[in-house]
Amino acid sequence: MTQRALDSSGEQTPGTSRPAKIDAGAELDPVHPMEPPPARRPGGLSTAEVAERVARGEVNDVPVRSSRSVTEIVRANVLTRFNLIIGVLWVIMLFVAPIQDSLFGFVIVANTGIGIIQEWRAKKTLDSLAVIGEAKPTVRRDGVAAEISTSEIVLGDLIELGPGDKVVVDGTVAEADSLEVDESLLTGEADPVIKQAGDPVMSGSFVVAGGGAFTATKVGREAYAAQLAEEASRFTLVHSELRSGISTILKYVTWMMVPTAIGLIISQLVVKDNNFKDSVARTVGGIVPMIPEGLVLLTSVAFAIGVVRLGRKQCLVQELPAIEGLARVDVVCLDKTGTLTEGGMDVTEVRPLNGSDEAYVTRVLRSFGSSDPRPNASLQAIIDAYPAGGGDARPTADGNALPAADGDAESWTVTDAMPFSSARKYSGAAFAEADGTASAWLLGAPDVLLSEGDATLTEIEHLNEQGLRVLLLARAEGELNAPGAAAGAAPTALVVLEQRLRPDAGDTLAYFADQNVATKVISGDNAVSVGAVAGKLGLAGAENTLDARRLPTDPDEMATAMEENAVFGRVTPQQKRDMVAALQSRGHTVAMTGDGVNDVLALKDADIGVSMGSGSEATRAVAQIVLLNNSFATLPSVVAEGRRVIGNITRVATLFLTKTVYSVLLAILVVCTQVEYPFLPRHLTLLSTLTIGVPAFFLALAPNKERAQPHFVRRVMRYAIPSGAIAASATFATYLVARNHYSGEGALEAETSAATLTLFLVSMWVLAIIARPYTWWRVGLVAAMGLGFLIVLVVPWLQDFFALKLVGAPMPWTAVGIAVAAAVLLEFTWRWVGRRFGM
C-alpha cells in the first residue's frame, strides 16, 4: 500500500498545477525531472531499456511503510523512561538483596518481550495485507500494457491513467484524453486540473475524469510525494485519545514520583539507622510500584492483537489508532454504490421517449459502450446488455428481453468522448454514423439533463420510488463541450437500471442502529431512488430524503439538515466534504465510507476514512481502514474491536493507577511518620502479579461491547484516586496497629505480613469491582488470584521465599477486618462516583 499523501502548506502559483513553495525545499520541485524525459514512444520502453535502467538503479524502490519497523518496535518497547528507572533499580537490587527482591526486573523483561512479539505479529499481518491491497499501475512496455508492482516502475516508463488511478511517480503527460487530475492531497486545492500533453503530473495526485498516459521522470525517493511522505510515519497520523491520555497520566505520575522517591530515600537511608541493605531494599520497594509500567505495554499489546484479529477478516488497518477512532464514531456516512449495493448493475428496461425509434436507441447505446475504455458501473451494465458484435436479444433481470442490436452499429465511429464526471453528473460521446451523419449524445442524471418542469420527471420519480436507477439518453446540439450542451439536449430514451443489494448490508445497518450510531447515506444518485434502496435494507429514517441541490450552504443550517435527514442524493464531491465538516462542527465523530474518486475529499476530512479494497487507488491511499474483502459487513467487527480495546484498557488502567496512587501515598505516610517502609520489592511484585498483571492481561483481551466514552484521563482518575487512597489508608492503619502489637525479633516481618494481607484483600476487591459484570471465567480469574495468594501463605518454602508469615491470630484477623471495612467504603465510593459522574 502506498504511503498516505500529506497535505502541503504550499500555495499554488497561478497558471501552474504545483505548489509554489513547500517546506521540504527546492529539491522537491516536481516539475524539473532528474534528466530530460525520453522521447515519447507510444509503445513504451523495450525490455532491454528497462534492464538498463534497473542496472543503473533508476527504479521506484521506495520502501512500503505500512507499519513500524522491527527496530522501531523494539526501541519503543524497551527504551522507555520507566524501563530505565526500573532497570537501574533492578541492577541495584541484584547487588544488595536476595534474588526474590529482584523479581520485578524479570517481570518487566517478560512484559516487554510480550509487547515486542505481539506488535511484531501485528506488523507481519499489516505488511502482508498491504501487499494484497497494493496499487498495480498499468505500464506499457514493448507495445503491451500490463499491470506491474509500483516498485517495478523504472525511469522513462509509460504509465497509463484512468478515472480513480493514482499517479504513483512524478512524470510528464504523454497522452491526454479529457484528462482531469485532482492534486488536492498535495496542494490543498479541490478543483481538478485539466492536463494536456507535456504538462507535469505529481505523485500523490489522482485522476478524476478522462484518461491518458504519462512518462515517469522521477522515481523512488526523488518523487515528490515520496519525499514529503518521509517527513512523517503512518503509524502516528491518527489522533488517539487513549495514547495521549496515557501519556498525560505518565507525565503526572513522574511529577509525583520524583519528589516522593527522594523523600523516601532520605527517610530510609538517612533518618532510620537500619541495616543498609535492608534499607535499600525497602526504598526500592517503595519506588517500583509507583510506576505503571505495564499500562503502556498492555495498550500496545491490545492494539496489536486487534490488528491481527481484524487482519484475519481481510481488514487492513493502515493506522493502528484508527481501531480506537472508529469505536468512538457516532455518525457513519455511507456511499450507496459499492457500500449498500454491489458494484454491478443490470439493465432492466429501455424506454424510448418522444417517439424515438427503439432500434436506433439500441444502436446508440451499443456504440456508447465503446466510447469509454474505463466504463463506470452504469456504463458497464449497458455494455453487458448490448455487447459489441452481439446480435441476439439478452434477457433482463425481470425475465423480459432487450431488443437485439442492429449489425450496422459496428460501423459507427466514435469521434469524441467526454468521460463521466461526478460534478457534471453525465458523460458524452459523439459518433460518425454508418450513413455519415454526425451525432452527439449525453448519458446521465435525468434531473440534471431535463428542465425542472418536464413531465418525464414524474415517470422517473415513480421508478426511483421502486429503488431503480434511471439514466437519460439525450441528443446534444453541437459539440459535447459546448456551453449549454446539457440544457439544449433532446431527451431520447430512459435507461432503467437495477442495483444489486449487498446481502449483508441490512444486518450491518441494524447493528449501527442498535449501537446508537446514526447512519447517513450520501450518494450522487437521485435521493428518492437512494432512499428506496436504503428502505429495502431497513435503514431507519430512509423516508427522510433530501436533494443536496437544495441543501443550505450555511454550515450551521447544513448541520441541522444533516441531523434531521438520513438520505441525501445528487451530492457533489465538495458537498460530501462540507457535510462531514458540518457534522463535525456539532461535535460528532464522523466515519466516511466510499470506493470512488468522488469520495476522496470526504474520506480525507472525516475522522475515520474507510475504503473498499476494490475501490480506486486514490480512496485506498487516504483511508485509514481498507476493507480488502469489499464487505461493508466487516465494519461492525472493527467497531467491536475498537470498543474492546478502549473499554478494557480503561478498566485495567484503573488497576494500574490505583497501585500508583496507593504507592505514592504510602511513601508519603512513611516519610511523614518516620517509620520503616512496610514492604520489600518481593511483596509488591507478588501483589502486582496477582491483583494487576495477570488479571489485567486477560481483562484487556476480553469481549467488551460498551460504547467508547470520551475524557479517558478523567474517567480513570475518578476511580483510581479514591481507590488508591482507601487502599493506602487501610494498609497503613494495619501497619501501625501491627507495630503496636508486635515487638522483639522478627517484629518487622510480622508487621509487613499483616500489612501485605490487608493490601492484597483491598486490591482484590478493586479487581472484583473492575471484573464486573461477572461471567464464569471472570469469577474464575478472581478466584484463581485469591487461591494463588493463599497458596503462598500456607506453603512453607513460599512463605520463606516471599518473607510472608502471619504470626498469631488476633493481628491477621484485625488485618482482615480493616480490609473488609475498606471494601465496604470502596463499594460506596464507586457507586457514588458512578451516580455523580456516570460510568
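Residues numbered from 1 in each chain as written. Predicted model: local features only at pLDDT ≥ 70, side-chain atom pairs only at ≥ 80, totals over all residues. Heavy atoms only, no water.

**Regarding the overall build of the protein chain**
Next, step 1: A count of helices and strands for the protein chain gives 27 helices and 21 strands.
Next, step 2: Considering only contacts within the protein chain whose residues lie at least 6 apart along the sequence, 72% involve residues at least 24 apart.
Next, step 3: Entry remark: accessible area of the protein chain is about 33200 Å², with carbon and sulfur atoms responsible for 58%. (Helix = DSSP H or I, 4+ residues; strand = E, 2+ residues; numbered from the N terminus. Contact = heavy atoms within 4.5 Å. Areas by Shrake-Rupley, 256 points an atom, 1.4 Å probe, with all protein chains shown as cover.)

**Digging into the packing of aromatic side chains**
Next, step 1: With the rule as written, the count across this model stands at 11 aromatic pairs.
Next, step 2: Look at Phe697 and Phe698: their rings are 5.9 Å apart centre to centre, the planes differ by 85°, and that puts the pair in the edge-to-face class.
Next, step 3: Look at Phe801 and Phe802: their rings are 5.1 Å apart centre to centre, the planes differ by 80°, and that puts the pair in the edge-to-face class.
Next, step 4: Look at Phe801 and you get partly exposed, because its relative accessible area is 25%.
Next, step 5: Judged by its relative accessible area of 10%, Phe802 falls in the buried class.
Next, step 6: Through successive ring pairs, a cluster of aromatic residues spans Tyr360, Phe368, Trp412, Phe431 and Trp441. (Phe/Tyr/Trp six-rings, centres within 6.5 Å; stacked < 30°, edge-to-face > 60°. Buried < 20%, exposed > 50% of the residue type's maximum accessible area, 1.4 Å probe, protein only.)

**Some thoughts on the confidence of the model for the protein chain**
Next, step 1: Per-residue pLDDT for the protein chain averages 78, and the proportion of residues at 70 or more is 82%.
Next, step 2: Here helix α6 (residues 224-229) stands out as the least confident element of the protein chain, with mean pLDDT 58; helix α25 (residues 776-794) is the most confident, with 93.
Next, step 3: Of the regions scoring below 50 in pLDDT, residues 1-40 engages in 104 contacts with residues more than four places distant in sequence or in other chains. (pLDDT = per-residue confidence, 0-100.)

**Here we look at a nonpolar patch on the surface**
Next, step 1: On the surface, Val70, Val74, Val78, Leu79 and Trp120 cluster together into a nonpolar patch covering about 430 Å² of accessible area.
Next, step 2: Per-element accounting of the nonpolar patch gives the leading share, 3 residues, to helix α2 (residues 70-78).
Next, step 3: Here Val74 shows up in helix α2. (Patch = residues over 30% accessible without salt bridge, like charges linked within 9 Å, V, L, I, M, F, W, Y side chains within 5 Å. Salt bridge = Lys/Arg side-chain N within 4 Å of Asp/Glu carboxyl O.)

**Some thoughts on the pairing of strand β14 (residues 469-476)**
Next, step 1: By the criterion of burial, β14 is predominantly enclosed, with 7 of the 8 residues buried.
Next, step 2: Note that strand β13 (residues 438-444) and β14 share 5 bridges and pair antiparallel. Counted as the bridge partner of Trp441 is Arg475 from β14.
Next, step 3: Strand direction decides the pairing type here: β14 and strand β15 (residues 490-501), joined by 7 bridges, are antiparallel. Bridging across to β15, Val470 finds its partner in Val496. (Pairing = 2+ DSSP bridges.)

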